[in-house]
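Next come the chains, spelled out residue by residue.
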Amino acid sequence: MRQPLLDKEIFKKRRDKLKEQSSPGDVFVFFSGSAPVRSNDSNYKFRVSNDFFYLTGYEEENAVLIFRPGMKPETTVFVMPKDPVMETWEGFLYGPDMAKTEFGFDQTYTVSKFEENAVALLTEGERVYYRMGLSDSDDKKILGILNKVLRKKGRKGHPFQTLLDPAVYLAEMRRIKDEQEIKIMQESGDIAARAHIELMKAVKPGMNERELAGLFIYQIMKQGASAEAYNSIVATGNNATTLHYVFNDCECKSGDLVLVDAGAEYKYMASDITRCFPVSGKFSQPQKDMYNEVLKVQKDMVDLVKPGASFKELTEKANTALTESLMNLGFFKGSSKDEVLEKQTFKKYYPHGLGHYLGLDVHDIGYYEKNNEPKPFEEGVVLTIEPGLYVPENDESAPKEFKGIGIRIEDDVLVTNSGNKILTSLVPKEVSEIESLN
Ligand code: GLY
Ligand code: MN
Ligand code: MN
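Treat the numbers as computed from the prediction; the structure is a model and nothing was measured. Residue positions within a chain follow its written sequence, with the count starting from 1. Chains and ligands are labelled sequentially in the order written, the chains with letters from A and the ligands with numbers from 1. pLDDT decides what is reported in this predicted model: residues at 70 or higher carry local features, side-chain atom pairs at 80 or more are listed and counted, and totals for whole chains, interfaces and linings draw on all residues regardless. With hydrogens and water set aside, each side-chain value is computed from the structure's full complement of heavy atoms.

### Some words on helix α4 (residues 95-103)
Side chains three or four residues apart in an α-helix point the same way, a direct result of the helix having 3.6 residues per turn. Only protein chains enter the accessibility calculation, which uses a 1.4 Å probe; a residue whose area is less than 20% of its type maximum is buried, one above 50% is exposed, and one in between is partly exposed. For the purposes of this entry, the term helix denotes a DSSP run of H or I that reaches at least four residues, the term strand denotes a run of E that reaches at least two, and both are numbered from the N terminus. Those residues of α4 not exposed but buried are Gly95, Pro96, Ala99 and Phe103. Mapping the buried residues of α4 onto a view down its axis gives an arc of 130°, with all of them on the same face. Counted as exposed and oriented over 90 degrees from the buried face of α4: Asp97 and Thr101. In this structure, the buried residues of α4 make contact with α1 (8-21), α2 (50-56), β5 (75-79) and β6 (107-110). Picture the helix axis, draw a direction to every C-beta atom, and the arc is the one those directions span. Residues are treated as being in contact if the distance between any of their heavy atoms lies within 4.5 Å.

### Focus: the coordination of the manganese ion (ligand 2)
Listed donor atoms are N, O and S within 2.8 Å of the metal (Na, K and Ca: 3.2 Å). As water is not included, a site may look incomplete. Taken together, Asp272 (OD), His356 (NE2), Glu386 (OE) and Glu410 (OE) make up the protein donors of the manganese ion (ligand 2), found 2.0 to 2.2 Å from the metal. Four donors are marked tetrahedral only if all angles between them lie between 85 and 135 degrees, whereas four are marked square planar and six octahedral if opposite donors are more than 155 degrees apart and the other angles lie between 65 and 115; the remainder are marked irregular. Note that the manganese ion (ligand 2) binds 6 donor atoms; their angles at the metal cover 51 to 156°, and the shape is irregular. Along the chain, the residues that donate to the manganese ion (ligand 2) are spaced as D-x83-H-x29-E-x23-E. Separation of the manganese ion (ligand 2) from the manganese ion (ligand 3) amounts to 3.3 Å, with Asp272 serving as a shared donor to the pair. Of this pair, Glu386 sits in the loop between β17 (382-385) and β18 (388-391) while Glu410 sits in the loop between β19 (405-408) and β20 (411-415), and the two are 24 residues apart along the sequence.

### A look at the sheet that holds strand β14 (residues 273-278)
Spatially, β10-β11-β14 is the arrangement adopted by the 3 strands of the open sheet, whose pairing is antiparallel. If you trace the sheet from one side to the other, it starts and ends with β10 (233-236) and β14, each paired once. Each strand axis lies, on average, 10° off the axis of its neighbour in the sheet, ignoring direction. At least two bridges found by DSSP between two strands is the condition for calling them paired. Across 4 bridges, β10 lies against strand β11 (residues 257-262) in antiparallel orientation. Bridging from a neighbouring strand, Thr236 pairs with Val258 of β11. Only the stretch in contact is used when a helix axis is fitted, and all axes are lines through C-alpha atoms; the angle between N-to-C directions ranges over 0 to 180 degrees. Relative to β10, helix α9 (residues 209-222) is tilted by about 150°, and along the sheet it contacts β10 and β11.

### Considering empty space enclosed by the protein
The distinction between a cavity and a pocket rests on a 1 Å grid over the protein atoms alone: a 1.4 Å probe fits inside a cavity but cannot get out, while a pocket stays open yet meets protein on both sides within 12 Å along at least five of seven lines, and a residue with an atom within 4 Å of a point counts as lining. Grid points are joined across faces, edges and corners, and a volume is the space filled by probe spheres set on the points. A complete count under the given rule lists 1 cavity of 30 Å³ or more for this structure. By volume, the largest cavity is sized at about 50 Å³. Taken together, Leu6, Arg14, Phe53, Gln180, Glu181, Ile184, Lys267, Met269 and Leu360 make up the full set of residues lining the largest cavity. If one sorts the elements of the lining of the largest cavity by residue count, helix α8 (residues 179-202) sits on top with 3 residues. Of the residues that constitute the lining of the largest cavity, the class distribution is 5 nonpolar, 1 polar and 3 charged. Any residue outside Ala, Val, Leu, Ile, Met, Phe, Trp, Tyr, Cys, Pro, Asp, Glu, Lys and Arg is labelled polar, Gly included; the first ten of those are nonpolar and the last four are charged.

### Side note on the layout of surface pockets
Estimates place the volume of the largest pocket at around 1200 Å³. If you trace the largest pocket, you find 31 residues lining it, with Lys45, Phe46, Arg47, Glu59 and Tyr268 closest to the centre. In terms of residue class, the lining of the largest pocket is built from 15 nonpolar, 6 polar and 10 charged.

### Thoughts on the pairing of β6
Residues of β6 alternate between two faces, with Thr108 and Thr110 buried on one and Gln107 and Tyr109 left unburied on the opposite face. Bridge analysis of β5 against β6 gives 4 bridges, and the strand direction is parallel. Paired with Thr76 across the bridge in β6 is Gln107.

### Structural notes on the coordination of the manganese ion (ligand 3)
For the manganese ion (ligand 3), the full set of protein donor atoms is Asp261 (OD), Asp261 (OD), Asp272 (OD) and Glu410 (OE), and the range of their distances to it is 2.0 to 2.5 Å. Taken together, the 6 donor atoms surrounding the manganese ion (ligand 3) define angles of 56 to 170° at the centre, an arrangement classified as irregular. One chain supplies every donor to the manganese ion (ligand 3), and in sequence these donors are spaced D-x10-D-x137-E.

In short, geometric facts, not functional conclusions.
Okay, here's the thing in structure tokens:
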């Protein structure tokens, strides 16, 4: 028998927290999802949807949670049946009985009973929280169920039940990590950091980017991660100037840098690290100059992460600092700093944001602003800080020694009560430390 990944009490506590915030009549519906087709009759590996996992701990596909805070039964989960034939082919399934005992749900059914039971369960509520737009077939099921609910209640004057996005509660719940989540995120950060170090040691001229990508997967899985947190970016030379380069199929050449943006998924928590290092062990002077400009900004921005700071504040500071970096390197000759900032011409070389929330999703949910006010960082928030500069080799206006260089430096940062803690500090980022590894 498989074991639940985490203690069921963790998920009960989360459902209780959602209950505390919800209003009488709220009913929540979450689907675990199903694996998309990869080709013909083989699918991509299944990975459970985050909100469903966050509230249940259940990892199987085709399951559904109906959570009705304060009603009886409160937690109903529909799961795949215990099926010996299916299990012979695909492996262990909990089935409804074991799902109930092992995960502590109030009521369980096989998923074939979802639609008929959902009508009764939703009829007793007043409004439904369900995220539309993730799956056409799940959307259709929900709309079909709500039509049946309307037919039952409509004669008594009830309107079609309001559909709301559960993110109104979950975005904030998931934005603030508790002690147990932080512990897992630290482990995820450590795992990815150690893997990055192995890549720095292993790289040599003639290696293909995909060898490094494969080594990263090997290194994180060896340490217990289930997968990459997202498709790794392993980009040598000019490829590093493509922000989300994932072809990973070019040869690493002596004299070039490699940019590796790769993270681990450990117990469903993502890490997200970017480092740049030289293929042949030593940075050239222009590579070093550009790298050190980005590194300075990265360290300064990390230092500013604390309760009360915000993405808006840090983004503005990073825009100014990277504009200064570019000017120090000889870009924008003949323009003033104010002009570059006002016209946002720096965006040609720094086209992305400074960072994002991190958690179950690599770009985790959570408000960045609310009511037109920046959302301040709070203790328990985890975010990335990832400034970069990218100069494509065919750029016409850049100083020629920087053409074909792309630099991004990215760490994962926890907001603490007095400041911050870098969760990915195991992996070096000073030039001398990186050079000493290869
Ligand atoms: N790896 C994607 C990102 O850094 O946002
Ligand atoms: Mn990132
Ligand atoms: Mn990244």
